[in-house]
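# Architecture at a glance
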2 protein chains.
Amino acid sequence: MRDTTVPDDRAALDEALRGALARADLVFISGGLGPTEDDLTREVVAALAGRGIVMHEPSRRTLQERFARTGRTLDPIRERQTLIVEGAEALPNSVGAAPGARLEWNGKVLFMLPGPPHEFGAVLDEHVMPWLIAQRGGAQALRERVLMVNGLGESDIVQRFVEAGWPLPGIDTAYCAAAGRVEIRLHARELVSDEQLDEAAARAAVALGEYVYAHERIHLEHLIGTLLTRREQTLATAESCTGGLIGERLTRVHGSSHYYLGGVIAYADRIKSSILGVSEDVLMEHGAVSKETVCRMADGVRALYGADYGLAVTGIAGPSGGTADKPVGTVYIAVSEARTTHVEKYIFPGDRELIREWTCQSAMNLLRRSIGMRD
Amino acid sequence: MRDTTVPDDRAALDEALRGALARADLVFISGGLGPTEDDLTREVVAALAGRGIVMHEPSRRTLQERFARTGRTLDPIRERQTLIVEGAEALPNSVGAAPGARLEWNGKVLFMLPGPPHEFGAVLDEHVMPWLIAQRGGAQALRERVLMVNGLGESDIVQRFVEAGWPLPGIDTAYCAAAGRVEIRLHARELVSDEQLDEAAARAAVALGEYVYAHERIHLEHLIGTLLTRREQTLATAESCTGGLIGERLTRVHGSSHYYLGGVIAYADRIKSSILGVSEDVLMEHGAVSKETVCRMADGVRALYGADYGLAVTGIAGPSGGTADKPVGTVYIAVSEARTTHVEKYIFPGDRELIREWTCQSAMNLLRRSIGMRD
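Residues numbered from 1 in each chain as written. Chains lettered and ligands numbered in written order. Predicted model: local features only at pLDDT ≥ 70, side-chain atom pairs only at ≥ 80, totals over all residues. Heavy atoms only, no water.

### Description of the pairing of strand β6 (residues 100-105) of chain A
All names here are of chain A. With five of six residues buried, β6 is to be regarded as a mostly interior element. As defined by bridge partners, strand β5 (residues 89-91) adjoins β6 across three bridges and the pair is classed as antiparallel. Looking across to β6, one finds that E89 is bridged to R102. Where β6 lies against strand β7 (residues 108-113), five bridges are found, and the strand directions are antiparallel. Residue pairing for β7: E104 is matched across the bridge by V109. Counting the residues in the hairpin turn of β6 and β7 gives two residues, including N106, whose phi is positive at 55 degrees. (Buried < 20%, exposed > 50% of the residue type's maximum accessible area, 1.4 Å probe, protein only. Helix = DSSP H or I, 4+ residues; strand = E, 2+ residues; numbered from the N terminus. Pairing = 2+ DSSP bridges.)

### Structural notes on the interface of chain A and chain B
At the interface, 68 residues of chain A touch 68 residues of chain B. Roughly 5300 Å² is buried in total at the junction of chain A and chain B, and carbon and sulfur atoms are behind 55% of that figure. Taken as a group, A:R2, A:I265 and A:Y267 account for 11% of the area that chain A buries against chain B, more than any other trio of residues on that side. Between chain A and chain B we count six salt bridges in total. For A:R356, the salt bridge is made with B:E248, and the minimal N-O distance between the two is 3.3 Å. Where chain A packs against chain B, one counts 34 residue pairs in polar contact (both at pLDDT 80 or more). For the side of chain A that touches chain B, the leading source of residues is strand β13 (residues 260-266) of chain A, giving seven residues. Of the residues in the side of chain A that touches chain B, the class split is 29 nonpolar, 21 polar and 18 charged. (Contact = heavy atoms within 4.5 Å. Buried area = accessible area lost by both parts, 1.4 Å probe. Salt bridge = Lys/Arg side-chain N within 4 Å of Asp/Glu carboxyl O. Polar contact = N/O pair within 3.5 Å; in protein donor to acceptor, adjacent residues only side chain to side chain. Nonpolar A, V, L, I, M, F, W, Y, C, P; charged D, E, K, R; others polar.)

### Considerations on the relation of the copies chain A and chain B
Mapping chain A onto chain B calls for a rotation angle of 180 degrees and an axial translation of 0.0 Å; the resulting RMSD is 0.1 Å. The operation mapping one copy onto its partner corresponds to a two-fold rotation axis. Interface overlap between copies is the fraction of interface residues in one copy that are interface residues in the other; for chain A against chain B it reaches 99%, indicating a shared surface. (Least-squares fit on C-alpha atoms with pLDDT ≥ 70 in both.)

### Quick notes on the packing of helix α1 (residues 10-23) of chain B against helix α2 (residues 41-49) of chain B
All names here are of chain B. Running from N to C, α1 and α2 point in directions that differ by 55 degrees, and their axes come no closer than 10 Å. By the angle between their axes, α1 is oblique relative to α2. By crossing handedness, the relation of α1 to α2 is classed as right-handed. Facing α1, whose interface residues are R10, L13, D14, L17, R18 and L21, α2 presents T41, E43, V44, V45 and L48. Classifying every residue of the contact of α1 with α2 gives six nonpolar, one polar and four charged. (Axes fitted to C-alpha atoms, helices over the stretch in contact; angles between N-to-C directions. Parallel < 35°, antiparallel > 145°, perpendicular 65-115°, else oblique. Left-handed = near helix turned anticlockwise from the far one by under 90°.)

### Focus on the packing of aromatic side chains
This structure, assessed with the given rule, holds 14 aromatic pairs over all chains. Consider the rings of A:F28 and A:F111, whose centres lie 5.2 Å apart with planes at 10 degrees: the pair is stacked. Separated by 83 residues along the polypeptide, A:F28 in strand β2 (residues 26-30) and A:F111 in strand β7 bring together distant segments of the chain. Note on A:F111: relative accessible area 0%, which makes it buried. Their ring planes at 40 degrees and their centres at 6.5 Å tell us that B:F161 and B:Y175 sit as a pair that is tilted. With B:F161 in helix α6 (residues 154-163) and B:Y175 in strand β9 (residues 171-178), this residue pair connects regions lying 14 residues apart in the sequence. (Phe/Tyr/Trp six-rings, centres within 6.5 Å; stacked < 30°, edge-to-face > 60°.)

### Considerations on the pattern of salt bridges
Considering all chains together, one arrives at 48 salt bridges over all chains under this definition. A salt bridge links A:E57 to A:R61, with the nearest nitrogen and oxygen atoms 3.5 Å apart. Separated by four residues within a single helix, A:E57 and A:R61 lie in helix α3 (residues 57-69), roughly one turn from each other. The class for A:E57 is partly exposed, based on a relative accessible area of 33%. Here A:R61 falls in the partly exposed class, since its relative accessible area comes to 40%. A salt bridge links B:R217 to B:E144, with the nearest nitrogen and oxygen atoms 2.8 Å apart. Placement of B:R217 in the loop between β11 (212-214) and α8 (220-231) and of B:E144 in strand β8 (residues 144-150) is noted, with a sequence separation of 73 residues between them. A relative accessible area of 21% places B:E144 in the partly exposed class. The network of salt bridges with common partners includes A:E57, A:R60, A:R61 and A:E79.

Spelled out as structure tokens, the structure:
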């Protein structure tokens, strides 16, 4: 497995493509299918395979109809995007203009896929994955178990694993860390049975305890959606240092309007009192970044929106604004419910962007734990 | 220039590294400097260069002090991250544990950089770029002109350029498109003078007109920050379908608290009336996604926050919720000022994520144009 990125240059693309075809039977190219002069994928593949380039009529018609619906005419420049290499199978692009294509030739399979990430993902999901699974007779390609962890760093996890007897024979452990979240994948080598892999995953789960929030590749916003939908409960947010990030993450989920009512971005301190009802006294005495303020923000937004849960964050994302007492990275998070309010203090590492990411991830995790605690 | 990505595998890493060193004098590796068993960069480089691996004491001490400040002890697993290849120059990592390193050997220069994007960026900005610029005697590496465009697609731009006489001799035009935004770079080849490059940029600016929002690589949220700061004016947002994305983008800018007061995420329709004051009659008669509703949302949030500008969006991000009259992608955006409210209707392409991105980008652009109109 290897991924090579080259500039939009004929010679570089040709050389990279020859190298990939020499190493592998299955080659994916993404990008270079657009309408501009720097889009060279079709031409380079056609030259290498000794093929022509032809118009893919169904894609052209689809694009033409899409244009007609908004009163525009398809011109020759945009039409170029529906050309494909002769003899290739077109892979319709449901979210963009340029179709992907699969070319089989000399015992190799070459996929040409659009470059914009959402178009690449759509063609991958709709055409490439089904083809790959069919090639394997429907079997899973990889034997792996996943653990999604929140609130522990990569080093903390390794330490716990070493204490639990890692490395385990025949099991490879891979880590992918983002702000506040680590995805752990346990891969079984050939001689390891499915039962041994399950046992390894169970040992990992014990070692990491409550920090594991899922056993599949799922994001917290989806898990929260499932929990709130099942309970028919609603949520409102009050954000200071994250500026809307938590709301944005929650509403990435289709159907989130069933449980997420909305929220208040209280970036200026006076908004914390005028809209969320944090008293001037509390702000004066404890400051905008304090346990007292965040609890009142959470209670205030829950009351204002008439929600079952109020989730609030306030903190110092930096780079300036820190003090000896409250350094950059200091964040308070609160979850307000009818009978109780949970609050936690954190000091997050990193720069402004990372502190905001950690805050968002940890806020969703505190909410998840609060919802879970009710059972 | 080439970028190669390989799995955390000794043989694959070794082969890719040998290939890169055969092709280039300057090689960058990112990733594989962490504390886990799949972090192999140091070992593979050391083996290839016939070097040992040594502890970088200053980095170890810094990490130790950082741990001490939060009452923790540096253990052998985490300490592993401060090892570097013998003879390499360490590049301190201001936002993470593992330092980068620069190894000069056999006339080649090899940079080892941390993998997490924010750490990679920090070491790049603080150590690699200054080194590169020093190597070139402080000169700019690339002669280019940038145009940032909002509201035109790549194909629209190409069409305008063709009509304006593109391609221009000696000038390469490159495009990088994201939702609602295209970055255009004009590169001068060797025989083209700076004056000719400026002339090309001027022709591009004329061809694209008001769609050009900047002549440097700047995001709209920074431009808005500059405009509002200069005018000492404030802004509040009311978001429905974007769920906080606009607030999140605006607050990525350090110092945004000087002009951005915050906003209301009005995801549920009843919040649009209870908090923003959109009357039930307007919602009933025109719907939550309408010109009338978005104008009242913008006016409402401006009044509620006491801001100079109110920016509001409402739309159908999908995948469900569309009708024949208002298909998925229908979005209304309004900017409210003391004396007037600007409103625009859009039908954006793509999936949920893309529609939200387009909405955010177009909202910031309508705001920018509204602020500009005041002069």
